[in-house]
Amino acid sequence: MAVYLNSCISLPINLTDNDFQDLIQKIKDWTIMHGGGMRSKTQFSNDSLTVVPFTLLPSVFPRAEFQKAIAIQPALNELTHRVSNDHEFLFSCLEKTIEVDEFTRNLFKLYETVRNEGFTQRLSLGMLRSDIMQEKEASGDCIKQVEMNTIASGFGWLGIVSGDIHRFVLQQMGLLDKLCVLPKNNALQGLSSAIIKAWELFNEKDSVILVIIEDQSMNICDQRFHEFEITRQKPELHVIRKTLTQISNEANLSNSKDLIVQGKKVAVVYYRAGYSPDHYHGEAEWSARLLIERSTAIKCPNIQYHLAGTKKVQQALATPGTLERFVKDVKKAAEIRTVFTGLYALDLDENGEKAVKMALDAPERFVLKPQREGGGNNLYGEDIRHKLMSCMNSKERSAWILMDKINPPVQQNYLIRPNQDFKKNSTLYDVVSELGIFGTILCDGDNIIINEQVGHMMRTKLTSCNEGGVHAGNGVLDSPFLIDDYPKNIM
Ligand SMILES: Nc1ncnc2c1ncn2[C@@H]1O[C@H](COP(=O)(O)OP(=O)(O)OP(=O)(O)O)[C@@H](O)[C@H]1O
Ligand SMILES: [Mg+2]
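The name given to the protein chain in an unreviewed UniProt entry is Glutathione synthetase, with Cinara cedri as the source organism. What UniProt states about the protein chain under its Sequence similarities (unreviewed entry) heading is, verbatim, "Belongs to the eukaryotic GSH synthase family." The Subunit (unreviewed entry) field of the UniProt record for the protein chain holds the comment "Homodimer."

Asks: Whenever I open this one, unusual backbone geometry confuses me. Can you help?
Replies: In terms of backbone geometry, most residues other than glycine have negative phi values and most peptide bonds are trans. Residue Pro301 follows Cys300 across a cis peptide bond; omega there is 5°. For Pro301, the position within the fold is in the loop between strand S14 (298–300) and helix H11 (303–308). The phi dihedral of Ala152 falls on the positive side, at around 50°, and the residue is not glycine. Topologically, Ala152 is positioned in the loop between strand S8 (142–149) and helix H6 (158–172). According to the relative accessible area criterion, Ala152 is buried, its value standing at 18%. Unlike most non-glycine residues, Phe155 shows phi in positive territory, near 80°.

Asks: Looking at this structure, I do not really get the site of ligand 1. What am I missing?
Replies: Around ligand 1 lies a shell of 25 residues, among which Glu147, Lys311, Lys369, Gly375 and Glu434 are the nearest. Residue Glu147 places a side-chain N or O atom 2.7 Å away from an oxygen atom belonging to ligand 1. A distance of 3.0 Å separates an oxygen atom of ligand 1 from a polar side-chain atom of Tyr380. Its free accessible area being 600 Å², ligand 1 has 95% of it covered by the protein chains. For the shell around ligand 1, the secondary-structure elements that each account for two or more residues are strand S7 (123–135), S8, strand S16 (366–369), strand S18 (401–404) and strand S21 (447–462). Split by domain, the residues of the shell around ligand 1 number at least three in each of domain 1 (55–164 + 176–340 + 429–483) and domain 2 (342–405).

Asks: Before we go on, may I ask you to explain the packing of aromatic side chains in this structure?
Replies: Geometrically, a pair of aromatic rings is defined through the distance of the ring centres and the angle of the planes. All chains considered together, the criterion is met by 14 aromatic pairs. Aromatic side chains Tyr111 and Phe119 sit 6.5 Å apart centroid to centroid with 25° between the ring planes, which places their arrangement in the stacked category. Judged by its relative accessible area of 42%, Phe119 is partly exposed. Among the aromatic residues, ring-to-ring pairing joins Phe91, Phe108, Tyr111 and Phe119 into one connected group. Geometry around Tyr271 places Arg289 over its ring, the cationic atom sitting 4.5 Å from the centre.

The rules behind each value
- Residues numbered from 1 in each chain as written.
- Chains lettered and ligands numbered in written order.
- Predicted model: local features only at pLDDT ≥ 70, side-chain atom pairs only at ≥ 80, totals over all residues.
- Heavy atoms only, no water.
- UniProt positions renumbered as here; feature names shortened; annotations may be inferred.
- Helix = DSSP H or I, 4+ residues; strand = E, 2+ residues; numbered from the N terminus.
- Buried < 20%, exposed > 50% of the residue type's maximum accessible area, 1.4 Å probe, protein only.
- Near = heavy atom within 4 Å.
- Polar contact = N/O pair within 3.5 Å; in protein donor to acceptor, adjacent residues only side chain to side chain.
- Areas by Shrake-Rupley, 256 points an atom, 1.4 Å probe, with all protein chains shown as cover.
- Domains from an automatic or database assignment.
- Phe/Tyr/Trp six-rings, centres within 6.5 Å; stacked < 30°, edge-to-face > 60°.
- Lys NZ or Arg CZ within 6 Å of the ring centre and 35° of its normal.

Below you can see the structure in the form of structure tokens.
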């Protein structure tokens, strides 16, 4: 068979089926042996890993747009920080939502509680991921932001692995001259050193890092490699992993509001869970979250940052003049605006009515989003129509936002998944990609100490698939192959 390579890689290589099968197996073995693993959903065991799903080939991405995405990240970091510290703005964005959405209401209550008591920690740490797709436009493709993640922004490690898988693939195919086209990626190092810097500023030699995890961590390699990288950079530093349930049983606050876990003071809390209602089985987990927020630990993110990452805030920032309130530099604000796509509130007012009508007339042009993270919650096509019809005159509508659907260019690729037969491994599928850019921001009040872009990750999914979650089984890991011009056959 002829292994198809994206035409920018341009050299079809003839392989027999057997050779192709061997190649795929070798690449899967390489992947799992280099940290490209996750827990199996079907045969979960704490003692074994299954290979991550990945594209056999990198996906082309215009170099100029990639560089634009990287260049804009510090401005987006700072924007998130400013928004998170603007109480009036957060309240005005979420006031209607919290009337009807219990989860956001609970988060907001927690925020108000600690705000009224007085925040105990001036230092804030954001480990952010801005998700981006390319939009096909008449004037050429340009990047559009899907959303900004402020909590549990994953794939800092697996983003690196994906690029390394593709380096190995290109090397195996003898395409050594193409290796330089895959951009460097230091996401893990950058994210980990931000945590370490926060720990240093906390300035207590024996203090530890606490990672809040789910009951079952499927994305274990991504999480553990952060932990291992922290220990590599700072061998004396200890990392403890606990669920919110365990924190409710095992943690307490000292008289000076230090968070104490296993007899150690916690310097930094890094949430890899806590973003979904599923992570709060009841009062115990909410109390644990409150305990952490009340403490002197530096939270990544603190509750303000968590709220600043809601889709409602994203939508409000897109309304005329709002972004400009936070970004005084006119040029910077204009640059940020170019990556926003159409976002619409669905309140029970004139603008909301207009947005509903637009969505009912052409639901295929939009995505309907609630205030949730973790994938699988958005609605598309006819489901948008059904949802909107069902809450036509109800306040429930305010808990959702409407967003223009981004239409990225379609490419073809092989999708390699665990336990998949050769036929599927060797089928070329039409796919689209989403790039995530990582940023870190460490601040003391309004004073910015670190504000950086630190790396990237890419996920790719079938064109027929709406959501791209890797653990949900829709998306697969990918990496960008930077090009100056699109080849003709990419639509
Ligand atoms: N406006 C859009 N146009 C096209 N696709 C979109 C759009 N918004 C979301 N998607 C798709 O749906 C997925 C999930 O959307 P979104 O990132 O808003 O939700 P989430 O629950 O916060 O996901 P995540 O777990 O990635 O943070 C995206 O990764 C993307 O594939
Ligand atoms: Mg998200």
